[in-house]
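Understanding the architecture of this molecule
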Amino acid sequence: MPRRFSRLVIAAAALLALASSAHARGWRLVWADEFGGARGSAVDAGKWAEETGGEGWGNKELQFYTTGGKNAYHDGRGSLVIRAEEARDGLKCWYGPCRYTSARLVTRGKFGQAYGRFEARLRVPRGQGLWPAFWLLGEDIGTRGWPACGEIDIMENIGREPATVHGTVHGPGYSGASGVGASYKLPEGRRFADDFHTFAVEWEPDEIRWYVDGRHYHTLTPGKLPAGSRWVFDHSFFILLNVAVGGEWPGEPDRTTVFPQTMTVDYVRVYSREGVKAKRSKTG
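These numbers come from a predicted model, not from an experiment.

**What about the overall build of the chain?**
Across its full length, the chain carries 2 helices and 21 strands. Counting over 284 residues, the chain shows a buried share of 53%. The contacts of the chain with a sequence gap of at least 6 include a subset with a gap of at least 24, amounting to 73%. Total accessible area computed for the chain in this model is approximately 12,800 Å², and 50% of it derives from carbon and sulfur atoms.

Here's what the structure looks like:
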């Protein structure tokens, strides 16, 4: 059997086994990307759009997000690579010539869903100033704006906290530094950049639960929001994957930061819950 075909068979068998296991727990797989494209190829345009620009993205970030597979591509072994590196193309950012490039992938206009299990297995980059994220934004961001559209951060990591990830929500009255969430820390000095980990939320009406490697570490309900705040997690959200460089939260890279750095994503999968009606959108 050809080696590449063998890998595809193994991956398909693993996906089938996982889907069967999830089904037994009451979840049904409804959307996935296993990133099986040829080495160096861009992401599936039927599933992802590549957002571009270097205007700071609301956080004074330093990277320019590129398109065309320059900073996001398949590795040919069943994973997606998002590569943050020093800029070489004379691109312009909000602060002048761009110092870094990276990629930001979104399913906006391709796939969105309210409620369900959103899961990714990935390995984060390492280094001061790196800011990888797997997250969701409300599909009504174009009409309502942020934070009224809502944001669910499934996983954020900043380089100066190599053993910690954050799960947070943002909405009207609880956004930015006032977002509501919790953190998860690896034991015994382990670092998230050393290996792959699985990050997930299970989102149901009036409840969101966060998991790392199957360990439940935080639950949010409307009663845990600041007094008088509105729960906006009742409509369809789309998926984002990105690696930011710099910004107000992680700070800038320093002389200890080595480029390029990569976030490697094994898969992204979305499930719906039996008995809970998912609100889903798909356009294209």
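**Examining the environment of Lys185**
Within the fold, Lys185 resides in strand S15 (residues 180–185). With a relative accessible area of 61%, Lys185 lands in the exposed category. In sequence terms Lys185 and Val165 are 20 residues apart; their C-alpha atoms lie 6.6 Å from each other. Residues in contact with Lys185, not counting those within four places in the same chain, are Ala163 and Thr164.

**Thoughts on the state of the cysteines**
Taken as a whole, this structure holds 1 disulfide when the rule is applied. The side chain of Cys93 participates in a disulfide bridge whose partner is Cys98; the two sulfur atoms lie 2.0 Å from each other. Residues Cys93 and Cys98 are joined by a disulfide whose S-S torsion is about 105°; by sign, that bridge is right-handed.

**Overview of the pattern of salt bridges**
One pass over the full model with this rule turns up 14 salt bridges. A network of salt bridges, in which partner residues are shared, links Arg117, Glu119, Glu202, Glu204, Glu207 and Arg209.

**With respect to the pairing of strand S11 (residues 116–123)**
Counting buried positions over the 8 residues of S11 gives 6, a clear majority of the element. Pairing of S11 with strand S16 (residues 197–204), which is carried by 7 bridges, proceeds in the antiparallel orientation. Bridge pairing in S16 links Ala120 to Phe199. In this sheet, strand S20 (residues 261–273) lies alongside S11 in antiparallel orientation, the contact comprising 7 bridges. In the sheet register, Arg121 faces S20, and the bridge partner there is Tyr267.

**A look at the confidence of the model for the chain**
With 89% of its residues at a pLDDT of at least 70, the chain reaches an overall mean of 92. Throughout residues 3–7 the model reports pLDDT below 50, and contacts reaching past four residues in sequence, or to other chains, amount to 7 contacts.

**Some details on the side chain of Gln63**
As for its placement among the helices and strands, Gln63 is situated in strand S3 (residues 63–65). Only 2.7 Å separates the side chain of Gln63 from the side chain of Glu61, close enough to count as a polar contact. A polar contact of 2.8 Å, which involves the side chain of Gln63, links it to the backbone nitrogen of Val245. Once residues within four sequence positions are removed from consideration, Gln63 is found in contact with Gly53, Gly54, Trp57, Cys93, Tyr100, Thr101, Ser102, Val243, Ala244 and Val245.

**Focus on unusual backbone geometry**
Omega for the peptide link from Trp146 to Pro147 comes to 15°, which places this bond in the cis form. The omega torsion of the bond from Phe259 to Pro260 falls at 0°, within 30 degrees of zero and hence cis. Structurally, the position occupied by Pro260 is in the loop between strand S19 (237–245) and S20. Phi angles above zero are rare outside glycine, and Lys60 is one such case at about 60°. Located in the positive-phi region is Asp213, a residue other than glycine, with phi close to 50°. Locating Asp213 in the fold gives a position in the loop between strand S17 (207–212) and strand S18 (215–220). The class of Asp213 is partly exposed, set by a relative accessible area of 31%.

**What to know about the nonpolar core**
Phe134, Ile152, Trp203, Phe233, Ile239 and Val268 are the most contacted members of the largest nonpolar core, which totals 57 residues. Filtering out sequence-adjacent residues up to four positions away, Val268 remains in contact with Trp31, Ala32, Asp33, Phe35, Trp48, Glu119, Ala120, Phe134, Ile239 and Leu241. Counting residues in each nonpolar core, the second largest holds 7 residues, with Ala133, Trp135, Cys149 and Phe238 among its members.

**A few points about the packing of aromatic side chains**
On inspection of all chains with the given rule, the structure shows 14 aromatic pairs. Aromatic pair Phe35 and Trp48: ring centres 6.3 Å apart, planes at 25°, arrangement stacked. With Phe35 in the loop between strand S1 (27–33) and strand S2 (49–51) and Trp48 in the loop between S1 and S2, this pair connects stretches of sequence that are 13 residues apart. Residue classification places Trp48 among the buried residues on the basis of a relative accessible area of 2%. The interplanar angle of 75° and the centroid separation of 5.0 Å between the aromatic rings of Trp203 and Phe237 together place this pair among those described as edge-to-face. Taken together, the residues Trp203 in strand S16 and Phe237 in strand S19 connect sequence positions 34 residues apart. Trp203 gets classed as buried once you look at its relative accessible area, which sits at 0%. The exposure class of Phe237 is buried, given its relative accessible area of 0%. One aromatic cluster is present, formed by Tyr115, Phe118, Trp203, Trp231, Phe233 and Phe237 through successive ring pairs. Lying across the ring of Tyr211, Arg117 places its NZ or CZ 5.6 Å from the centre. Note that Arg269 overlies the ring of Tyr267, its terminal NZ or CZ placed 3.5 Å from the centroid.

Criteria and cut-off values
Residues numbered from 1 in each chain as written. Predicted model: local features only at pLDDT ≥ 70, side-chain atom pairs only at ≥ 80, totals over all residues. Heavy atoms only, no water. Helix = DSSP H or I, 4+ residues; strand = E, 2+ residues; numbered from the N terminus. Buried < 20%, exposed > 50% of the residue type's maximum accessible area, 1.4 Å probe, protein only. Contact = heavy atoms within 4.5 Å. Areas by Shrake-Rupley, 256 points an atom, 1.4 Å probe, with all protein chains shown as cover. Disulfide = S-S within 2.5 Å. Salt bridge = Lys/Arg side-chain N within 4 Å of Asp/Glu carboxyl O. Pairing = 2+ DSSP bridges. pLDDT = per-residue confidence, 0-100. Polar contact = N/O pair within 3.5 Å; in protein donor to acceptor, adjacent residues only side chain to side chain. Core = buried A, V, L, I, M, F, W, Y, C linked by side-chain atoms within 4.5 Å. Phe/Tyr/Trp six-rings, centres within 6.5 Å; stacked < 30°, edge-to-face > 60°. Lys NZ or Arg CZ within 6 Å of the ring centre and 35° of its normal.

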